[in-house]
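# Chain and residue survey
The primary structure of each chain is shown beneath.
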Amino acid sequence: MTALPLRIGALSWRVRPRAVTLTVTGLVLLVLLMALNMRIGDLELTLPEVLTATFDVDSAAHFVIMELRLPRALTGALVGAALALSGAIIQSIARNPLASPEILGVTTGASVTVVAGLVAGGSAYGTVTGLLATLGVPALALLGGLLGAAVVYGLAWRRGLDGYRLVLVGIGVAAVFTNVKFWLLTVGDVNDTARAMVWISGSLNGRGWEHVTPTALALAVLVPLTLLGTRSLDALRFGDDTVTGLGVRMNPARALLVLAAVLLAAVATASAGPIAFVALASPQIALRLVRSDRPPLLCSAVVGAVLTTAADLIARTVFSPIELPVGIVTAVLGAPYLIHLIWRSRK
Amino acid sequence: MSATAVAPRLHGLRRRRLTVLLALLACVAVAVVLSVTIGSKPVPLADAWHAITAPTGTENDIVIRSLRLPRTALGILAGIALGVAGALMQGHTRNPLADPGLLGVTQGAAFAMVSSIILLGASSLLVHIWYGLAGALVASVAVFALGMVGGRGGPTPVTLALAGTAVSALLYALTSTIVLLDEQAMDVFRFWQAGSIASRGGEVVWQVLPFVLAGLVLALVNAPGLNALSLGEDVARGLGQNVGRTRAVGVAAVTLLSGAAVAACGSLAFIGLIVPHLVRPLSGTDHRWLLPFSGLVGAALLLIADVVGRVVAPPGELEVGVVLALLGAPFFVALVRRRKPVRL
């Protein structure tokens, strides 16, 4: 793999032309998909109509675009990028292709608190409107996600953070959360259960600007931070002993990256629920497209955004008027593609 | 170290392992006694013995013979099956996150059951189990075939694990879609997903028994080959191992064991995932010991968790899957924290 050096002052990165090409292609694809998302819905618009409506504040289409379709599409893209980036970081640190934010307790923690809230609140919860309805579930999710991560992190910390111990503690804690979640589903009324199932599959239905802003802010802060951290990721790949030998201070670097992964996943989950499979599959898809030996971070994020946006387009339209949770579609789209890539890379 | 010094050490290791084996057998025996005697209606040990050896149709005899014994037997079978399957799966993928569900077994069973409900209106437990078994078998064969494409001596651990995750995710998505559209399917699915060995009846035990036995035989046959594979595929090939065949036998064993357990008891992901990690400090990485130890610990853990589930929430019961997680995970985490875990 050819790699060109890129220097800014004292910092330097290796830039892979293939990764750059793929990232740019992905971004173009993302814009096209978003444009398609703006056009399609109960009110069909052509592209010129979309453009005029965007700037014509008085038209009916303006409301549809600016208050319904655009924030929803942006939420999807941002959440997909955040989950994928989180997954890429965790897979690099754990050196394990199966690792995802579930291992850190984030998405599973969020699922438990939200299901508990929906089941305990009962059907009455469905009639609650206004502030509680818009903020209640995301707040519960964020709280549960961070709490779950704190539990995993706290239990795994012992005179430093060992990647292997983190993964093992993570599977133990995730198992508890998952089982408790399913137990809560058996306790609840079947209607509440169905509503909870939609949430734990990840859904973009009715997402607005209040979901876009936190995810965008999190990405704006955490992406640069993560890219700075890639240098220590490059070193981490050689194994703990070599890393210490290379003089990289392992624990602060690792702890900071874990924290970034937790925050990305927590914010994303609070906005759209734990959209299945994006965090796990996007880094693996990006890795195979770029043909590198560990998940490329930026490229993974772009793959996550494209996957989620395409999935939402399908979730909105295929079974219309019934809308599927987007997380179901990400798996239906992403899984065969990942299988195809695995299949091709073996030949 | 000279050969004369190695021999006594190996001898000591062997003795220690045999001691552990006996201790684990004793644990299972205690768990069986608890499982048969404790419940919403406690039965004295003497009465239980009486019910088994010379039943006279008293109330206790009926409780023991029609409820407790089948439940205990299913617990033993499922515990052994999932423990052994977990150890095999982690050995073959060299991945500490691997569990029997990784091959698509769990989601294959769930998808087959849920579709049989909406397509065929299947409603009896036995019919569900057969669909679950069939779904588990088909899904894991598909995963293995996918992981194997490209030849070169069979699937590598990473492609096998990723193909399994991808297929599982796909099947779970399809299952979720059905469940969201059909309330009756949702009702069956959520209880199946929580996992239980209660009120399955003796018939179920007999139906899954042959699959579990076949799986155990294959697992034992697979152990030496798996030991060689854990040195690396090239070394294993150099030692004269047929890598592809060893993997195939391992996958067949995992499929039979976990397919049977999952179809009969629902999703009990916890045991297969965690038991091998609990056992490795006792057995080391030699699969000839790791596999039987994992089976015994799995059985004891499942039975004890089931007993706890019966007594903690009277008059109802807590599903064994939930108890397992609540009991087992803190124990597991404590163990992982206390000593350096044995790496794969």
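Fair warning: this is a prediction, and the values are worked out from it, not measured in the lab.

For the rest of this paragraph, the subject is the interface of chain A and chain B. Listed by partner, the interface residues are 52 residues for chain A and 59 residues for chain B. The contact between chain A and chain B buries some 4,700 Å² in all, and 74% of this surface belongs to carbon and sulfur atoms. In this assembly, chain A and chain B are joined by three residue pairs in polar contact (both at pLDDT 80 or more). Taken together, the elements giving at least two residues each to the side of chain A that touches chain B come down to helix 5 (131-156), helix 6 (163-187), helix 7 (190-201), helix 11 (278-290) and helix 13 (326-345) of chain A. The greatest single-element share of the side of chain A that touches chain B, amounting to 16 residues, is contributed by helix 6 of chain A. A class-by-class count of the residues in the side of chain A that touches chain B yields 37 nonpolar, nine polar and six charged.

Core analysis: the biggest nonpolar cluster contains 199 residues, and Ile89, Leu104, Trp199 and Phe277 of chain A together with Leu74, Leu103 and Leu324 of chain B have the highest contact counts within it. Here this core gets 15 residues from one element, more than from any other, and that element is helix 3 (residues 60-94) of chain A. Those residues in contact with Ile89 of chain A that lie beyond four places of it in its chain are Thr226, Leu257, Ala261, Leu264 and Leu297 of chain A. Grouped together as the second largest cluster of nonpolar side chains are five residues, Val36, Val43, Ala48 and Ile64 of chain B included.

A separate point is the UniProt feature "transmembrane region" (unreviewed entry) in chain B. UniProt annotation of "transmembrane region" (unreviewed entry) refers to residues 72-89, 101-122, 128-148, 160-181, 208-229, 249-277, 289-308 and 320-337 of chain B when read in the numbering used here. Taken end to end, residues 249-277 of chain B is 90% helix and 0% strand, and its two terminal C-alpha atoms sit 22 Å from one another.

What follows concerns the packing of aromatic side chains. Scanning all chains against the criterion turns up three aromatic pairs over all chains. For the pair Tyr153 of chain A and Trp157 of chain A, a centre-to-centre distance of 6.2 Å together with 15 degrees between the ring planes defines the contact as stacked. What makes Tyr153 of chain A partly exposed here is its relative accessible area of 26%. The interplanar angle of 75 degrees and the centroid separation of 5.9 Å between the aromatic rings of Trp289 of chain B and Phe293 of chain B together place this pair among those described as edge-to-face. Here Phe293 of chain B and Trp289 of chain B lie together in helix 12 (residues 287-312), a separation of four residues that amounts to about one turn.

Residues and elements named next belong to chain B. The predicted model of chain B averages 84 in pLDDT, with 93% of residues at 70 or higher. Of all helices and strands in chain B, the one with the weakest mean pLDDT is helix 7 (residues 183-194) (79), whereas helix 12 scores best (93). ipTM for the predicted complex: 0.77, alongside a pTM of 0.82.

This part covers the environment of Ala51 of chain B. Residues and elements named next belong to chain B. Mapping Ala51 onto the fold places it in helix 2 (residues 45-53). Residues Ala51 and Leu126, 75 residues apart in the sequence, show an inter-C-alpha distance of 26 Å. What Ala51 contacts, discounting residues up to four positions off in sequence, is Asp61, Ile64 and Arg65.

Thresholds, definitions, all that
All chains use their own residue numbering, which begins from 1 and follows the written sequence. Written order determines the labels here, with chains lettered from A and ligands numbered from 1. Selection of residues for local features in this predicted model requires a pLDDT of at least 70, selection of side-chain atom pairs for listing and counting requires 80 or more, and totals for whole chains, interfaces and linings are taken over all residues. Hydrogens and water molecules were not included; the side-chain quantities draw on all heavy atoms of the structure. Between two residues, a contact is recorded if the distance between any of their heavy atoms is within 4.5 Å. Each of two parts loses accessible area, computed with a 1.4 Å probe, when they are put together; buried area is these two losses added. By the criterion applied in these results, polar contacts are pairs of N or O atoms within 3.5 Å in which, for protein atoms, one can donate a hydrogen and the other can accept it, and in which residues neighboring in sequence qualify only through two side-chain atoms. Numbering of helices and strands runs from the N terminus; a helix is a DSSP stretch of H or I covering at least four residues, while a strand is a stretch of E covering at least two. Gly is put with the polar residues, along with every residue not named as nonpolar or charged; the nonpolar set is Ala, Val, Leu, Ile, Met, Phe, Trp, Tyr, Cys and Pro, and the charged set is Asp, Glu, Lys and Arg. Nonpolar cores are built from buried Ala, Val, Leu, Ile, Met, Phe, Trp, Tyr and Cys residues. Side-chain atoms within 4.5 Å join them into one set. The classification of residues rests on relative accessible area computed with a 1.4 Å probe and restricted to protein chains. Under 20% of the type maximum is buried, over 50% is exposed, and intermediate values are partly exposed. UniProt positions are given in the numbering used here, feature names are shortened, and annotations may be inferred rather than shown by experiment. Here a Phe, Tyr or Trp ring, Trp counted by its six-membered ring, pairs with any other such ring whose centre lies within 6.5 Å, and the pair is stacked when the planes are under 30 degrees apart, edge-to-face when over 60, and tilted otherwise. pLDDT expresses, on a scale from 0 to 100, how confident the predictor is about each individual residue.

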